[in-house]
Amino acid sequence: MSSFPTASDGASAGGAPFTPLTRPLSLRETVLEQIRTAIITGEIAEGELVSAPTLGQSLGVSATPVREAMMELARDGVVETVKNKGFRVTAMTAAELDDLAEIRLMIEPPAMHRVAGRLDDDSTAALTRLADACLRAAEHGDLVEYLRHDREFHAVALRHAGNAQLVQLATSLRVRTRMYGIATLARDGRLAASAREHHELVRLLRAGDADGAERLMRTHIGHARKAWATGRPEAGEFAGDTE
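Residues numbered from 1 in each chain as written. Predicted model: local features only at pLDDT ≥ 70, side-chain atom pairs only at ≥ 80, totals over all residues. Heavy atoms only, no water.

### Brief notes about the confidence of the model for the chain
The share of residues in the chain with pLDDT of 70 or more is 82%, and the mean pLDDT across the chain is 84. Confidence drops under a pLDDT of 50 for residues 6-25, and excluding neighbours within four residues, the segment shows 42 contacts in the predicted structure. Ignoring residues within four places in sequence, the model shows residues 238-243, a span with pLDDT below 50, making 17 contacts including any to other chains. (pLDDT = per-residue confidence, 0-100. Contact = heavy atoms within 4.5 Å.)

In structure tokens:
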């Protein structure tokens, strides 16, 4: 049962998982990232009805940036609008999540095969900075920052394939994926192992190892339907694991 306040909870924000926001800059983006992460990780449960005013109180902001964020999530298919009530998180079956992973496997690994050898110094530096940010967030258990930087890392890498539609599709599939076990991995210190795969992917792309980059991308996507979904990684599942 989610601890996140629903539309029926009234004005109470007690027990909410969010820290009230204090930065006025990029407020909508910050609200969006927090809500998106709560949905991806299951803090806001599938089928749960939530209202912009109640979410805003939990976040310490007005309803306006929350409503704007929810409308963007609705365009991504993550939530649906419920007239005069608020928003409901769309439910996804295991089969639907498998379908998302299958589509991602069809498009992202071959794209990394194409990108291999195309990175210049500036591109390599940009991807390395994002990989560093992912690792820091994983080590600190900051899922909001981890998922944000992970999404940006893969979008930037995919742009080098030269197909803007591919980037848009892959990003949409990524934000619709549920990762209910990722919080457990972060608490156990295992999320950092997955984060380190970003650095290895940069190395392979820079070295022009197309086959290696494609294989690693397949492994990386596989986490979303294995360890990230359940929180129970198998021994040696992540690159660098020694168990």
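### Considerations on the nonpolar core
Grouped burial of nonpolar side chains is what soluble globular proteins tend to show. By size, the foremost hydrophobic cluster in this structure holds 31 residues, and its most contacted members are Met112, Leu127, Phe153, Leu158, Leu201 and Leu205. Secondary structure elements with two or more residues in this core: helix H4 (94-115), helix H5 (121-140), helix H6 (143-159), helix H7 (164-176), helix H9 (191-207) and helix H10 (210-225). The biggest single contributor to this core is H4, with 6 residues. Those residues in contact with methionine 112, other than ones at most four positions away along the chain, are Ala157, Leu158, Leu201, Leu205, Ala213 and Met217. Within the second largest apolar cluster, 20 residues are counted, among which are Ala69, Met70, Leu73 and Phe87. (Core = buried A, V, L, I, M, F, W, Y, C linked by side-chain atoms within 4.5 Å. Buried < 20%, exposed > 50% of the residue type's maximum accessible area, 1.4 Å probe, protein only. Helix = DSSP H or I, 4+ residues; strand = E, 2+ residues; numbered from the N terminus.)

### Observations regarding the environment of aspartate 132
Within the element layout of this structure, aspartate 132 appears in helix H5. Taking the relative accessible area as the measure of exposure, aspartate 132 reaches 30% and is therefore partly exposed. Considering only alpha carbons, one finds aspartate 132 and histidine 149, 17 residues apart in sequence, at a separation of 9.2 Å. Polar contacts involving the side chain of aspartate 132 include one to the side chain of histidine 199, which spans 2.6 Å. (Polar contact = N/O pair within 3.5 Å; in protein donor to acceptor, adjacent residues only side chain to side chain.)

### Digging into H5
Compared with the 28 Å implied by 1.5 Å per residue over 20 residues, the 29 Å span of H5 between its first and last C-alpha is a close match. Those residues of H5 not exposed but buried are Ser123, Thr124, Leu127, Leu130, Ala131, Ala133, Cys134, Leu135, Ala137 and Ala138. Along its buried surface, H5 packs onto H6 and H9. Two or three places before aspartate 122, at the start of H5, stands the capping residue aspartate 120, its side-chain oxygen 3.2 Å from that residue's backbone nitrogen. (Expected span 1.5 Å × (residues − 1).)

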